[in-house]
Amino acid sequence: MTEFVTVRRDALRQFIYDELREQEWGVDSAEKEAKRRFAAMIVSPWQPIETAPRDGTKILVFHPDMGVEITEWYEITQTNYVELEGGLYRKERAIFYAGWNNNGHHATHWQPLPEPPK
Amino acid sequence: MTEIIGAGGGGAHPTKEHAMQAAADRIGKKEAHAMTDFVTVRRDALLGLLDAAISPPWRDDENTHKQKLEKALAVMIVSPWREIDDEARNGQLWLISGFVEDNPEKGRWVVIGRWWPEHGYWTSEEDEPEGWEPEFYPPTLYAPIPELPK
């Protein structure tokens, strides 16, 4: 899975600009190029809901009508008994219901929760 | 209009690490805490940028280079979490986080919530995490809710 990180907008732009200046770019051209390179680096942390982890990890989700919520994928399992020969049965775990908590089933996008400091 | 994003040039700092730290310190003093002050980038793209910046004409040994990269990365990456302060109690929704020792999720929980001035405690928009009584276990950290997707 692609890993994203959060950085300060101004720090990143300044860093790119300083790099260009160090490579002897002129002030104007460095500013222009820094803007271009900065814009090219930025991505939206929101990803299509289809790619969200379905392992119980809490995530942030978005839907235009509900805004942002925290949700997680959950599964309710049940035991089925499969009849075998000789009057024996084998236990099988099957998913009875699976879905997103809260309004997650309406979500269109997701992103990881920012990790709290340790 | 041309937006000035820097007026300095090369040579102001003895090493790239100093320049990086100086840039981070300079920006850090602004105490910005809106989600618009942060941007999301791919980790590998940022690493590539830093890798190019800290590579001297001669090549460090692998370990030294890796350490320099990790240090540079740590300087650039920020956490949106801040300790609860007066600004957090302005009634708007935040991501809030706290720690309860007997919480099944290793103690740390995160919910979307707000300060409820009429009652003087935190309230959540969702089901409260097990073991969390906001009056007795108030959150310790808050972060802005991310900008909505375009």
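Residues numbered from 1 in each chain as written. Chains lettered and ligands numbered in written order. Predicted model: local features only at pLDDT ≥ 70, side-chain atom pairs only at ≥ 80, totals over all residues. Heavy atoms only, no water.

Caption draft 1: Region of the structure containing the layout of surface pockets. Approximately 940 Å³ is the volume attributed to the largest pocket. Sorting the residues of the lining of the largest pocket by element identifies strand 1 (4-8) and strand 7 (109-112) of chain A together with strand 1 (38-42) of chain B as the ones contributing at least two each. Residues that form the lining of the largest pocket fall into these classes: 24 nonpolar, 7 polar and 6 charged. (1 Å grid on protein atoms, 1.4 Å probe; cavity = no way out; pocket = protein on both sides within 12 Å on 5 of 7 lines; lining within 4 Å. Points joined across faces, edges and corners; volume = space filled by probe spheres on them. Helix = DSSP H or I, 4+ residues; strand = E, 2+ residues; numbered from the N terminus. Nonpolar A, V, L, I, M, F, W, Y, C, P; charged D, E, K, R; others polar.)

Caption draft 2: Looking closely at the packing of helix 1 (residues 9-22) of chain A against helix 2 (residues 27-41) of chain A. All names here are of chain A. Between helix 1 and helix 2, the shortest axis-to-axis distance is 9 Å and the interhelical angle comes to 135°. Overall, the two elements helix 1 and helix 2 adopt an arrangement that is oblique. Note that helix 1 runs across helix 2; the crossing there is right-handed. Contacts from Arg9, Leu12, Arg13, Ile16, Tyr17, Leu20 and Arg21 of helix 1 reach helix 2 at Val27, Ala30, Glu31, Glu33, Ala34, Lys35, Arg37, Phe38 and Met41. Looking at the contact of helix 1 with helix 2, its residues break down into 9 nonpolar, no polar and 7 charged. (Axes fitted to C-alpha atoms, helices over the stretch in contact; angles between N-to-C directions. Parallel < 35°, antiparallel > 145°, perpendicular 65-115°, else oblique. Left-handed = near helix turned anticlockwise from the far one by under 90°. Contact = heavy atoms within 4.5 Å.)

Caption draft 3: Local environment of the packing of aromatic side chains. Applying the stated criterion across every chain yields a total of 6 aromatic pairs over all chains. Note on B:Trp116 and B:Tyr121: the rings are 5.9 Å apart at their centroids and 80° apart in plane angle, and the pair reads as edge-to-face. The class of B:Tyr121 is partly exposed, set by a relative accessible area of 21%. In this structure, A:Arg54 packs its charged tip against the face of A:Trp73, placed 4.1 Å from the ring centre. B:Arg89 extends its terminal NZ or CZ atom over the ring of B:Trp115, reaching a point 5.2 Å from the ring centre. (Phe/Tyr/Trp six-rings, centres within 6.5 Å; stacked < 30°, edge-to-face > 60°. Buried < 20%, exposed > 50% of the residue type's maximum accessible area, 1.4 Å probe, protein only. Lys NZ or Arg CZ within 6 Å of the ring centre and 35° of its normal.)

Keep in mind these numbers describe shape, not what the thing actually does.
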